[in-house]
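# Coordinate inspection notes
Each chain, written out:
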Amino acid sequence: RAAVRGATAVHGAVQKRLFEGEAPTLHRFRGDKYSHCYGAPKRNNANLQHLAPYITTGVLAGMVVFFIAFPLAFNSNYNESKRKYEAFARQHQDALSTQFDRGQFSSDTGL
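What counts and what doesn't
Residues numbered from 1 in each chain as written. Predicted model: local features only at pLDDT ≥ 70, side-chain atom pairs only at ≥ 80, totals over all residues. Heavy atoms only, no water. Helix = DSSP H or I, 4+ residues; strand = E, 2+ residues; numbered from the N terminus. Buried < 20%, exposed > 50% of the residue type's maximum accessible area, 1.4 Å probe, protein only. Areas by Shrake-Rupley, 256 points an atom, 1.4 Å probe, with all protein chains shown as cover. Phe/Tyr/Trp six-rings, centres within 6.5 Å; stacked < 30°, edge-to-face > 60°. Contact = heavy atoms within 4.5 Å. pLDDT = per-residue confidence, 0-100. Expected span 1.5 Å × (residues − 1). Bend = angle between axes of the 7 residues up to and from the residue.

This paragraph deals with the overall build of the protein chain. The helix and strand inventory of the protein chain stands at four helices and zero strands. Secondary structure of the protein chain in N-to-C order comes out as α-α-α-α. Buried positions account for 5% of the 111 residues belonging to the protein chain. About 10600 Å² of surface is accessible on the protein chain, with carbon and sulfur atoms providing 60% of the total.

Next comes the structure, spelled out in structure tokens:
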């Protein structure tokens with residue numbers, strides 16, 4: 001129970017700081033100098049404000065999947081893939097070595 005209350009309190013504090021509180025001084029634009037112009041940002045508009053936590057959670061979840069889950073999934077069968085590639089390379093060694101039978105990559109320099 002205490003852990004749930006603590007997590008709820010932390011979530012509330014983060015929610016208030018990130019989404020409900022005032023922006024830092026360097027990021028906020030105080031004036032409504034051009035509010036009469038078409039396309040000017042509307043101030044104090046809570047139109048999509050309730051979706052901000054869900055959008056942020058989606059972005060963070062996407063980053064976790066992209067940077068953690070994908071590499072783990074692609075690396076899960078690394079040893080088996082390496083073993084298959086090495087077997088293929090041993091079996092086709094002569095064909096693979098003839099690709100580079102000229103130039104600087106040649107194993108037979110002919111000097």
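What follows continues from the structure just given.
In this section: the packing of aromatic side chains. Applying the stated criterion to the full structure yields three aromatic pairs. A ring pair is formed by Phe66 and Phe67, whose centres lie 5.0 Å apart and whose planes are at 85°; its orientation type is edge-to-face. For Phe67, a relative accessible area of 56% puts it in the exposed group. Aromatic pair Phe66 and Phe70: ring centres 6.3 Å apart, planes at 70°, arrangement edge-to-face.

What follows is about the environment of Pro53. Topologically, Pro53 is positioned in helix α2 (residues 52-75). Given the relative accessible area of 17%, Pro53 is considered buried. Distance in space between the C-alpha atoms of Pro53 and Gln15 is 7.6 Å, their sequence separation being 38 residues. The contacts of Pro53, once residues within four sequence positions are left out, are Gln15 and Phe19.

Moving on, we come to the confidence of the model for the protein chain. Regions with low pLDDT should not have their predicted coordinates read in detail. On average, the protein chain scores 78 in pLDDT, and the residues at 70 or more come to 72%. Taken element by element, the predicted model of the protein chain shows its lowest mean pLDDT in helix α4 (residues 93-97) (75) and its highest in helix α3 (residues 78-91) (90).

Between its terminal C-alpha atoms α2 stretches 34 Å, which fits the 34 Å expected from 24 residues at 1.5 Å a residue. Within α2, the axis deviates most sharply at Ala69, by approximately 35°, and proline Pro71 lies no more than four positions further along.

Following the sequence through the fold, Gln15 ends up in helix α1 (residues 2-20). With a relative accessible area of 18%, Gln15 lands in the buried category. Beyond its immediate sequence surroundings of up to four residues, Gln15 is in contact with Glu20 and Pro53.

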